[in-house]
Amino acid sequence: MTQKADGALVGAGDITILKPGEGDLGYMLRHDVWGKGYASEVASALIDAGFRDLGLNRIFSTVSTENTRSMRVLEKAGMRWEAHYRRFAQAKGRWWDCHLYATSRPEWEATRRD
Ligand SMILES: CC(C)(COP(=O)(O)OP(=O)(O)OC[C@H]1O[C@@H](n2cnc3c(N)ncnc32)[C@H](O)[C@@H]1OP(=O)(O)O)[C@@H](O)C(=O)NCCC(=O)NCCS
């Protein structure tokens, strides 16, 4: 992700396809640009690209139960909570509980404006 104004690199986002038709959405931003709506913009853009350009049927994301900021980003991008995974990810010397968020092609098609 680069800023339109000056081209500065501010973050990265991706969709990983681990099985046909299903994508795993992820993103991260430079700390000094948090709160400007960039993550929400990129999450929506990647979801659009996943369904429109990659032909996916389902896109999901797993997020730490402590990461309320990212959960808000996923909800604003149209994802819905599906599950609570206990001790799902290991990082920074401990195990973390995670929430599973997801959206599907029919849901995305129902909200398209074009
Ligand atoms: C998650 C991350 C990308 C969010 O970036 P961001 O630029 O702050 O996201 P946005 O500005 O698009 O949106 C943040 C939303 O969370 C809200 N928010 C901020 N702090 C919050 C908090 N403590 N609790 C709940 N919501 C919060 C903001 O108000 C905003 O919602 P709004 O538009 O309704 O006001 C960023 O924090 C990050 O890079 N974190 C480290 C990597 C990471 O966690 N990646 C995601 C893994 S699933």
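Residues numbered from 1 in each chain as written. Predicted model: local features only at pLDDT ≥ 70, side-chain atom pairs only at ≥ 80, totals over all residues. Heavy atoms only, no water.

Asks: I keep staring at the site of the ligand and nothing clicks. Help me out?
Replies: Taken together, 20 residues are adjacent to the ligand, and Leu29, Ser40, Asn67, Arg69 and Lys76 come closest. Gly37 places a polar main-chain atom, nitrogen or oxygen, 2.8 Å from an oxygen atom of the ligand. If the ligand stood free it would expose 970 Å²; the protein chains cover 68% of that surface. Placement of the ligand is best described as lying within the largest pocket. (Near = heavy atom within 4 Å. Polar contact = N/O pair within 3.5 Å; in protein donor to acceptor, adjacent residues only side chain to side chain. Areas by Shrake-Rupley, 256 points an atom, 1.4 Å probe, with all protein chains shown as cover. 1 Å grid on protein atoms, 1.4 Å probe; cavity = no way out; pocket = protein on both sides within 12 Å on 5 of 7 lines; lining within 4 Å. Sits in = over half its atoms within 2 Å of the grid points.)

Asks: How should I be thinking about the pairing of strand S4 (residues 80–91) in this particular structure?
Replies: Within a regular strand, side chains alternate between the sheet's two faces. Sheet analysis places S4 next to strand S5 (residues 94–104), joined by 8 bridges and oriented antiparallel. The partner of Ala89 across the bridge, within S5, is Trp96. Between S4 and S5, which pair antiparallel one after the other, the connecting turn spans 2 residues, and Lys92 there sits at a positive phi close to 50°. (Pairing = 2+ DSSP bridges. Helix = DSSP H or I, 4+ residues; strand = E, 2+ residues; numbered from the N terminus.)

This is a description of form; function is not addressed.
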